[in-house]
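Structure at a glance
Chain by chain, the residues:
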Amino acid sequence: MQLVVGKIGRAHGIRGDVSVEVRTDEPELRLGPGAVLLTDPASAGPLTVESGKVHSGRLLLRFAGVKDRNAAEALRGTILIAEVDPDERPDDPEEYYDHQLIGLDVVLLDGTPVGELTEVVHLPYQDLLTVTKPDGTEALVPFVARIVPTIDLENQRAVIDPPPGLIDPEQAEVARGAAEESEESEESE
């Protein structure tokens, strides 16, 4: 199984280092020295990590055979892909690979079916789960413990406890501001 683990950014310095946008929770394992990575586009790789370091909060990698700034800059925008055993699990029991989640049945706490988990959207501050409902519409569910308390891989389901309106917009509760409340209380007097 292939997992996207990073994206090459700008060249750094003159010796072939590149900045990498990390897309894995296990960078020391997936992007460590000696790691062989497939690439998209495939013509850029495979690439073997020669060395790495963190500089000003960014991961810098040097790949075997990439010896100067021009060669490093030519890799800009390349997606880095690691080959992973499909049965492998993250070390933390609260972490999951995307392929483990996609296809899970999504149900409410009481077992009511909601739909199928069809995509994991990775955003800078939080991941979202795309749930496709039986009518074909989609709902985006924040992947946080409060809303997704249980991932049950053995039974192939994700249990969610969404706030009103997240899955069915008609059930949304409208928040009212203090100004609206004071206007209503004045009208009733």
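Scope of this entry: the structure provided in the associated data block. (Residues numbered from 1 in each chain as written. Predicted model: local features only at pLDDT ≥ 70, side-chain atom pairs only at ≥ 80, totals over all residues. Heavy atoms only, no water.)

**Comments concerning the pairing of strand β3 (residues 36-40)**
Heads up, the condition is: Exposure classes here rest on a 1.4 Å probe applied to the protein chains alone. A residue is buried below 20% of its type maximum, exposed above 50%, and partly exposed in between. Only DSSP runs of H or I reaching four residues or more are called helices, and only runs of E reaching two or more are called strands; each is numbered from the N terminus. Should DSSP find at least two bridges between two strands, the strands are taken to pair.
Only one face of β3 is buried, namely the one carrying Leu-37 and Thr-39, since none of Val-36, Leu-38 and Asp-40 on the opposite face is buried. Alignment of β3 against strand β4 (residues 47-55), held across 2 bridges, turns out to be antiparallel. Each bridged residue has a counterpart across the sheet, and for Leu-37 the counterpart in β4 is Leu-47. Joining the antiparallel neighbours β3 and β4 is a turn of 6 residues. Sheet topology places β3 next to strand β6 (residues 79-83); 3 bridges connect them, and they run antiparallel. Paired with Thr-39 across the strands is Leu-80, a residue of β6.

**Section: the side chain of Thr-130**
Just so we agree on the cut-off: By definition, residues are in contact when any of their heavy atoms lie within 4.5 Å.
Along the chain, the position of Thr-130 falls in strand β9 (residues 127-132). Non-local contacts of Thr-130, meaning those with residues more than four positions away in its chain, are made with Glu-116, Leu-117, Thr-118, Glu-119, Val-121, Glu-138, Ala-139 and Leu-140.

**Side note on the sheet that holds strand β8 (residues 113-122)**
How we decide: Inter-axis angles, ranging from 0 to 180 degrees, are taken between N-to-C directions of lines fitted to C-alpha atoms, where helices are fitted over the stretch in contact.
An order of β10-β9-β8-β7-β12-β11 is seen for the 6 strands of this open sheet, with the pairing classed as mixed. Only two strands of the sheet have a single partner each, and these edge strands are β10 (138-142) and β11 (150-152). Within this sheet the neighbouring strands show an average axis-to-axis angle of 35°, counted without direction. Alignment of strand β7 (residues 105-108) against β8, held across 3 bridges, turns out to be antiparallel.

**Topic: the environment of Thr-130**
Thr-130 gets classed as buried once you look at its relative accessible area, which sits at 2%. Taking the C-alpha atoms as reference, Thr-130 lies 9.0 Å from Pro-142; in sequence the two are 12 residues apart.

**Examining the sheet that holds strand β2 (residues 17-22)**
Here 6 strands make up a closed barrel; going around it, the order is β1-β2-β5-β4-β3-β6 and the pairing antiparallel. For this sheet, the mean inter-axis angle between neighbouring strands, taken without regard to orientation, is 50°. Relative to strand β5 (residues 58-63), β2 runs antiparallel, the two being bridged by 3 bridges. Bridging from a neighbouring strand, Ser-19 pairs with Leu-60 of β5.

So, to be careful, I would describe these as geometric facts and stop short of saying anything about function.
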